[in-house]
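# Tertiary structure, described
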Amino acid sequence: SEYEEFKSISHLDLPQIAGILSAKISYLVNDHDGWVENQTQNSVTNNNNYWLKENEGLRAALNFDLSDNLVVDYVYQDSTNGSTPPYFQSVIEGTTGVAVETGRADRTRSAINLPISETENETHSLTATWQINDTLALRSISSYGELDTTQFNNFDGVLGAGVGITGATADQQNQEQTTTELRLIGSLWDGGLEFIVGGSYFDEEVLISGNLNRGISETESFAIYAQGVYAINDRLDAVVGWRETSDEKNISSSLLGGAASGQFVEIEDDNTDYSVGFNYAVNDKVSTFARFSTGTKSAGASLFAEGLQPYEAETVSSADIGWRVTGW
């Protein structure tokens, strides 16, 4: 094609081994050349085109059917995403000294030093489900992931004299994340009440080490939740949910906008969310629903802001009324 795009997805399903283990392996490749050609010059070593893409990923899934009531699933994923940024085009005359580019630019203004930005992501997840009896199951969900990102940008002076003209600015981010969740899923009164009760733990550490911003962010989060669906009669269901979340964050900055910082923020944030709703079946094909719920984005602070100023939690309340039609 015009941008030499190549995409391939391969799957390998292996037969079950010893009546217990099943496996599936997937591999993805997706590459294409950039949209804006970078001028060549002997002194420029990283003259990649703008908005190119070099992606590949591997996924391996294992299923262990250990007994009639115990199943364990393990998934490993490893991906590498390489790209260059979109081209910043000059469309308005200003004080930058860069000439206005009319129409869509196909070539850079000059030979640009533009290394490929790269993100590497590796995750492990383990899910175990124990069917205690016909109406009760216990599920454990755990995961661990690592993310390493190096981001390069070169604006070729369009944002102002001296901004990314000869060299590319770099931001690096390293992240480690662990999550653990335990759920109890069941029903009572011959299925008249279906419920889920659970708790989760989240731990994350992020290290920022760039040319302009550097710092460390550490987060611990605990949550407990419950949701139930109660059949009032053959047509009407009531749905009630609740979640309590407690977050602790420690954020320290050593460099902000290229200047020494030494700022530190400690945040403790507790939030409660809930939902209540009703589902009503008019007939076998038409149903209606009404729901009210709340949600929260926890408080925090950004290592990329002008100052390490904490922001408060954001809350939202929503009401929904609608209908569904199935089986025309």
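Described in the following lines is the structure provided in the data block. (Residues numbered from 1 in each chain as written. Predicted model: local features only at pLDDT ≥ 70, side-chain atom pairs only at ≥ 80, totals over all residues. Heavy atoms only, no water.)

What follows is about the overall build of the protein. When its secondary structure is counted, the protein shows zero helices and 13 strands. With the principal axes as the frame, the protein shows a C-alpha extent of 75 × 50 × 45 Å. For the protein, the share of sequence-separated contacts (at least 6 apart) that also reach a separation of at least 24 residues comes to 59%. Of the roughly 19900 Å² of accessible surface on the protein, a fraction of 53% belongs to carbon and sulfur atoms. Counting 17 positive and 48 negative side-chain charges, the protein places the centres of these two groups 8 Å from one another. (Helix = DSSP H or I, 4+ residues; strand = E, 2+ residues; numbered from the N terminus. Contact = heavy atoms within 4.5 Å. Areas by Shrake-Rupley, 256 points an atom, 1.4 Å probe, with all protein chains shown as cover. Lys, Arg positive; Asp, Glu negative; His and termini not counted. Charge placed at Lys NZ, Arg CZ, Asp CG, Glu CD.)

What follows deals with the layout of surface pockets. Roughly 320 Å³ of volume is contained in the largest pocket. If you trace the largest pocket, you find 17 residues lining it, with E204, S217, K249, A301 and Y311 closest to the centre. Contributing elements (two or more residues each) for the lining of the largest pocket: β8 (193-209), β9 (214-231) and β10 (236-256). It is β8 that contributes the most residues to the lining of the largest pocket, four residues altogether. Residue composition of the lining of the largest pocket, grouped by class: eight nonpolar, six polar and three charged. (1 Å grid on protein atoms, 1.4 Å probe; cavity = no way out; pocket = protein on both sides within 12 Å on 5 of 7 lines; lining within 4 Å. Points joined across faces, edges and corners; volume = space filled by probe spheres on them. Nonpolar A, V, L, I, M, F, W, Y, C, P; charged D, E, K, R; others polar.)

Grouped together as the largest cluster of nonpolar side chains are ten residues: V206, I208, I251, L256, V265, I267, A299, A301, L303 and L308. Of all the elements in the fold, those that place two or more residues in this core are β8, β10 and β11 (259-281). Excluding residues that lie within four positions of it along the chain, I267 makes contacts with D247, E248, K249, A299, G300, A301 and P310. In terms of nonpolar packing, the next biggest core, distinct from the first, is built from six residues, Y50, A105, I112 and L114 among them. (Core = buried A, V, L, I, M, F, W, Y, C linked by side-chain atoms within 4.5 Å. Buried < 20%, exposed > 50% of the residue type's maximum accessible area, 1.4 Å probe, protein only.)

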